[in-house]
Amino acid sequence: MSKKQQGLADKDMVIRALKDSFVKLAPKTQAKNPVMMLVYISAIMTTILFFLSLGGIQDAPAGFTLGIAVILWFTVLFANFAEAIAEGRGKAQADALRSARKDVEAHKIPSAEERDVIVKVSSADLKKGDIVVVYAGEQIPADGEVIDGAASVDESAITGESAPVIRESGGDRSAVTGGTTVISDWLVIRVTSEPGESFLDKMIAMVEGASRKKTPNEIALQILLIAFSIIFVLVTMSLYTYSVFSAKQAGIANPTSVTSLVALLVCLAPTTIGALLSAIGIAGMSRLNQANVLAMSGRAIEAAGDVDVLMLDKTGTITLGNRQACEFIPVDGNTQEKLADAAQLASLADETPEGRSVVVLAKEEFNIRGRHMQDMNMTFVPFTAATRMSGVDYDGNEIRKGAADAVKQYVTDKGGIYSEECDEVVQRISRQGGTPLVVAKNHKIMGVIYLKDIIKQGVKEKFADLRKMGIKTIMITGDNPMTAAAIAAEAGVDDFLAEATPESKLAFIREFQSQGHLVAMTGDGTNDAPALAQADVAVAMNSGTQAAKEAGNMVDLDSSPTKLIDIVRIGKQLLMTRGSLTTFSIANDLAKYFAIIPALFMGLYPGLAALNIMHLESASSAIFSAIIYNALIIVALIPLALKGVKYREVPAGKLLSRNLLVYGLGGIAAPFLAIKLIDMIITGIGLV
Amino acid sequence: MESILQYVLYLVILVALAIPLGGYIAKVMKGDKVFLSCICRPCERLIYKVLRVDEKEEMTWKKYALSTVLFSGIGLVIFFAIEMLQQILPLNPEKLPGLSWHLAFNTAASFVTNTNWQAYSGESALSYFTQATCLTVWNFVSAATGIAVLFVLIRGFVRKKADTLGSFWVDLTRTVVYILLPLSVVVTLVLVSQGVVQNLKPYETVSLVESFETEDGTEVTEQTVPMGPAASQIAIKQLGTNGGGFFGVNSAFPLENPTPLSNLFEMLSILLIPVSLCFTFGKAVKDKRQGYAIFVAMAIMLVAALGIIGYNEQQATPQLSAGGQVNLTTVDQAGGNMEGKETRFGIATSATWAAFTTAASNGSVNSMHDSYTPIGGMITMLQMQLGEVIFGGVGCGLYGMLAFAIMTVFIAGLMVGRTPEYLGKKIEPFEMKMAVLVCLATPVGILVGSGIAAVWPGVADSLNNPGAHGFAEMLYAYSSAGGNNGSAFAGFNANTPFLNVTIGLVMLFVRFLPMLATIAIAGSLAKKKTVATSAGTLSTCNGMFVFLLIFIVLLIGALSFLPALALGPIAEFFQMIG
């Protein structure tokens with residue numbers, strides 16, 4: 001599913017799409033798209049008219065009718081092609097996924113304790129609740145929950161990410177997906193899906209578009225398009241009778257043929273958007289898949305476009321995952337250098353990112369080289385939940401570092417003093433959004449290490465852009481309110497939820513929703529499930545639990561916390577593409593009228609020639625040019641439908657003016673030029 | 001220059017009167033106390049008591065819709081019966097016979113739908129009883145029905161997670177008692193003061209001051225002068241965008257519209273309520289700018305129409321100026337194309353009336369649109385073809401325009417990357433379906449009606465002119481019905497069974513389909529919660545939205561009618577300029 005594979009598949013995809021364009025000519029497929037159905041019927045009608053004209057019943061010259069019929073068939077094929085090519089990408093993806101879904105032999109066991117009582121069954125026969133064991137090198141046979149063991153798993157078949165991930169029982173990393181492979185150790189898994197309903201099955205159906213239902217917005221747009229089509233059917237039908245009436249009044253033969261009116265009808269009907277509508281929807285889904293996000297419904301993507309509140313986890317989204325030491329603040333008369341020295345010694349064996357950052361800072365600021373534990377005969381005292389401190393013992397010295405209250409207890413227990421000065425420093429660091437680590441040597445406080453949350457580069461700008469678009473960003477963190485407020489201010493988020501619990505997250509979402517906001521959030525843990533179920537757009541991390549995945553309406557295969565922002569962009573882009581191409585399609589009609597109306601009625605009222613502002617050669621060249629343009633514009637716009645219109649993070653008003661300018665005004669102007677050009681070409685090469 | 005001042009003055013007075021009236025109507029809608037309450041409230045109570053209406057009742061949209069349809073449906077049947085039986089009913093001093101069934105149907109449909117298309121000639125076909133019990137009554141209640149449905153739509157936008165939308169009977173009663181009756185009394189008094197007749201006398205015969213000879217040589221010395229309760233009916237025909245004149249030639253007739261002052265009042269009355277309702281809307285949704293935006297969109301289209309009509313009539317035609325037979329200069333006279341216009345009124349007043357009456361779905365005339373220049377006449381027709389949403393009929397004009405606004409936010413909303421919403425309510429497939437029905441009823445009615453008429457044998461005999469203008473006459477008739485307007489290109493003889501029936505059906509179709517669809521939209525909107533607005537929300541009260549709304553209205557009109565107009569007025573125009 002990597003980009004490279006898709007690039008290679010391009011040629012095959014086009015060939016497959018070309019084939020599908022003809023397969024889709026089946027009436028049943030056509031009936032799903034009313035606007036194109038109209039073109040389809042028109043094509044059949046003109047084809048019949050052509051054969052009738054061969055038999056002597058002439059509506060218009062046989063060559064003219066044939067020409068129109070051929071172009072109409074091409075119009076239908078072009079629309080089919082647009083849809084087929086959009087589906088192509090998904091199909092290629094689905095094929096890759098299918099290869100991962102092949103049946104494997106599963107090792108069913110009665111319970112986690114009896115791992116050696118193995119019954120070999122086919123993975124297709126596994127039911128919900130069955131327990132299987134999987135050893136290194138074997139494929140996980142079905143979706144499930146790890147109930148025993150820990151192992152590294154290669155999930156590249158689904159995520160495209162080749163680095164293995166850890167899966168273990170309990171906690172938030174217990175979900176495994178069928179089709180992935182255990183690389184080391186073993187897992188005991190309780191199956192959580194029925195055959196045929198696994199995550200992989202759902203994923204295949206989604207990317208293939210097989211289970212794609214029309215979204216409410218698509219249905220509403222289709223209603224609009226059908227309404228336009230009905231009007232144009234009536235316009236052309238009444239035009240026929242008007243023409244009979246006017247010709248009779250003028251005492252001449254009726255100048256309009258059924259064929260030319262059918263051509264007018266197809267030109268006027270919103271065929272451009274009609275042909276591309278489903279391609280736009282499929283392409284939107286496919287862009288989301290490319291971002292390694294799997295939406296459970298098309299509706300979820302549209303909702304993403306509407307979202308105006310983003311709940312973002314602090315860690316990983318707003319700040320880099322780890323805090324870093326940024327300052328040594330000595331207290332009680334100690335020097336900075338001594339503090340740095342003690343802090344570095346205490347952190348030498350501390351392999352956490354925070355510990356390493358202390359070592360680095362001491363080296364950078366005071367040129368204190370990292371020493372080796374063995375050299376100084378040191379013993380490392382690791383962090384435990386009970387002491388909440390870590391440190392070293394060497395040569396009878398004891399250095400400890402840890403949270404302020406833990407160190408305070410440690411010092412005062414041994415009769416030491418926890419000074420006012422130290423307390424003030426600790427308070428100040430908290431207020432500034434940092435985390436204080438107090439360092440004590442031999443039960444005497446030396447000073448405080450200032451650990452700072454590092455805000456990711458560019459997030460502030462990103463949030464400002466989002467604000468311009470009317471999207472509020474809210475930081476969710478387990479930190480205390482003081483720290484949270486400081487980080488929120490620095491990162492430029494609009495609001496924050498501190499000391500977040502699953503309950504407070506849920507209440508927070510409900511409150512926003514009651515004010516009429518649409519809320520998006522990311523979650524991974526089981527305890528996120530209620531909030532995920534409540535949010536309008538809920539992205540579950542693939543690394544998360546089964547409960548979280550079921551509660552969400554999207555799954556992020558990369559488990560990246562910044563994905564939400566991309567998802568909103570894709571949602572908006574999808575809706576914008578739909579709106580812009582509708583505008584373009586309808587705006588085109590003006591030029592088509594100016595091409596066809598004079599062509600039809602110049603015979604009746606010569607004065608109407610003044611409306612032929614494009615100076616098209618003849619009546620038939622005008623009709624041909626308009627209808628050829630109508631067919632070609634579909635092909636010309638396929639890339640835009642697939643890529644989506646350009647998206648910028650600007651307020652609604654600006655977006656609207658820009659899109660109106662490009663697709664509204666462009667939609668009026670483009671066909672005038674194009675129709676004139678086609679007219680020059682077809683008369684130039686003597687086609688008409 | 002002087003005429004431009006005249007145009008501006010008309011518009012300024014209109015808006016100055018409409019703003020306070022809009023606020024007043026908003027209060028009436030909510031049932032708040034107003035300065036007329038001391039007089040109107042007892043009447044209102046009495047009506048509820050007599051008709052056993054529960055004032056507190058709240059209807060679902062389905063019940064509201066059913067009440068509306070039943071009310072109009074039963075009204076239509078009674079109306080039809082009275083017309084057929086008027087010779088045996090009282091108040092018929094001229095002993096006028098009952099109407100033919102098709103004319104009776106056409107007339108009943110015409111008045112029940114607030115169209116007031118007159119295939120009959122008022123003074124020579126209908127008795128005073130018919131005029132009073134049918135025409136005048138329906139002038140009031142058809143207007144009130146339109147306003148009631150608008151109230152429902154506004155409630156749909158305002159209410160949150162609600163199932164009910166108010167009571168049809170209460171809305172109807174309040175509209176008549178608090179709005180239409182008081183305004184009619186004022187206008188009637190003004191008109192009577194100007195000399196409009198108001199009596200129940202038989203027609204009078206008077207001798208002419210100057211006798212004249214007809215073409216066959218007989219000398220005419222006497223004239224029959226029609227009488228009747230004209231002033232009161234004229235007041236409501238104007239205020240309620242009805243337009244059905246008491247007399248056949250409508251407000252061009254001196255006894256219906258004698259002086260410049262009566263003309264001014266009648267003209268302002270045409271648009272007064274439709275304009276006020278824009279402000280009512282803004283006030284009721286608690287965002288006046290929303291009302292202004294709709295008003296500005298309508299006003300821009302009206303001014304454009306007025307400008308084009310005025311300009312074309314003032315310029316007249318090359319044929320009139322050829323050889324200098326007609327003096328077209330404006331020195332000491334109106335100049336321009338005076339054919340079919342009253343010399344009492346001149347170009348500016350006639351053009352303004354023509355623009356107002358076709359913008360609002362009024363249809364009363366003080367000049368003959370048939371005689372307008374091709375482009376001038378086309379604009380009157382186009383205003384009706386746009387679905388009567390440039391202010392339009394009382395109530396129905398605004399709810400029609402709001403349906404266009406829904407279509408506009410749909411397309412524009414997508415372009416800013418959000419699923420569409422209007423006034424905080426999400427626009428989903430159901431609303432879209434209904435809005436489409438509202439917006440497309442007029443084009444469908446006109447195209448189908450005129451499309452069939454064009455090939456129906458014998459229709460061509462009704463035309464007054466051959467060629468493109470003849471086609472325009474027929475198209476105008478169906479446009480007038482399709483916009484529930486009621487004005488006519490005078491040359492067209494519409495009293496034939498086919499035309500009476502088809503035009504009657506078109507009027508019913510374009511009145512009730514949008515009405516029911518509007519109530520349905522209101523029902524669905526009321527059930528929704530309101531979405532918060534943000535910088536990412538499409539603004540529906542700025543210049544861009546106004547521009548887009550106008551664009552969508554014109555686009556749908558142009559796409560639907562360009563071919564038809566090309567065969568009528570546009571072809572005529574090119575023939576005219578040679």
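Definitions and cut-offs
Residues numbered from 1 in each chain as written. Chains lettered and ligands numbered in written order. Predicted model: local features only at pLDDT ≥ 70, side-chain atom pairs only at ≥ 80, totals over all residues. Heavy atoms only, no water. Domains from an automatic or database assignment. UniProt positions renumbered as here; feature names shortened; annotations may be inferred. Helix = DSSP H or I, 4+ residues; strand = E, 2+ residues; numbered from the N terminus. Core = buried A, V, L, I, M, F, W, Y, C linked by side-chain atoms within 4.5 Å. Buried < 20%, exposed > 50% of the residue type's maximum accessible area, 1.4 Å probe, protein only. Contact = heavy atoms within 4.5 Å. Salt bridge = Lys/Arg side-chain N within 4 Å of Asp/Glu carboxyl O.

Let's talk about the domain arrangement of chain A
Phase 1: Looking at the assigned domains, one finds that chain A contains domain 1 (3-92 + 208-289 + 569-685), domain 2 (105-140 + 143-192), domain 3 (293-318 + 456-557) and domain 4 (320-454).
Phase 2: Taken over C-alpha atoms, the centre of domain 1 of chain A sits 72 Å from the centre of domain 4 of chain A.

Remarks on the UniProt feature "transmembrane region" (unreviewed entry) in chain A
Residues and elements named next belong to chain A.
Phase 1: UniProt's entry tags residues 37-57, 63-82, 219-241, 261-283, 593-616, 622-642 and 662-687 with the feature "transmembrane region" (unreviewed entry), counted in the numbering of this structure.
Phase 2: Secondary structure across residues 63-82 divides into 100% helix and 0% strand, with the first and last C-alpha atoms of the span separated by 29 Å.
Phase 3: A distance of 34 Å separates the end C-alpha atoms of residues 261-283, which is 91% helix and 0% strand.

Some points on the nonpolar core
Phase 1: By size, the foremost hydrophobic cluster in this structure holds 335 residues, and its most contacted members are Ile273, Ile294 and Tyr422 of chain B.
Phase 2: A domain-level breakdown of this core finds at least three residues from each of domain 1 (3-92 + 208-289 + 569-685) and domain 3 (293-318 + 456-557) of chain A.
Phase 3: Sequence-distant contacts of isoleucine 294 of chain B, that is, excluding residues within four places in its chain, are made with Cys278, Phe281, Leu398, Met401, Leu402, Ala405, Tyr422 and Leu549 of chain B.
Phase 4: Core analysis: the next-biggest nonpolar cluster, separate from the first, contains 23 residues, Val358, Leu361, Ala362 and Met446 of chain A among them.

Brief notes about the pattern of salt bridges
Phase 1: Under the counting rule described, the total for this entry stands at 34 salt bridges over all chains.
Phase 2: Among the ionic pairs, lysine 592 of chain A bridges to aspartate 589 of chain A, the shortest N-O distance being 3.9 Å. Linking lysine 592 of chain A with aspartate 589 of chain A, this pair stays in helix H22 (residues 589-601), spanning 3 residues, or about one helical turn. Here the two residues lysine 592 of chain A and aspartate 589 of chain A agree in accessibility, since each one is buried.
Phase 3: Across the salt bridge formed by glutamate 431 of chain B and lysine 528 of chain B, the nearest N and O atoms sit 3.1 Å from each other. Taken together, the positions of glutamate 431 of chain B in helix H15 (residues 429-455) and lysine 528 of chain B in the loop between helix H17 (497-527) and helix H18 (543-577) put the pair 97 residues apart, joining distant regions of the chain. The residues glutamate 431 of chain B and lysine 528 of chain B share a single accessibility class, namely buried.

With respect to unusual backbone geometry
Across residues other than glycine, the phi torsion is negative in most instances, and most of the peptide bonds are trans.
All names here are of chain B.
Phase 1: Even without being a glycine, leucine 91 presents a positive backbone phi close to 55 degrees.
Phase 2: Following the sequence through the fold, leucine 91 ends up in the loop between helix H3 (61-84) and helix H4 (101-112).
Phase 3: Judged by relative accessible area, which is 41%, leucine 91 ranks as partly exposed.
Phase 4: Even without a glycine there, the phi angle at asparagine 484 is positive, about 50 degrees.
Phase 5: Along the chain, the position of asparagine 484 falls in the loop between helix H16 (467-482) and H17.
Phase 6: Its relative accessible area of 6% is what places asparagine 484 among the buried residues.

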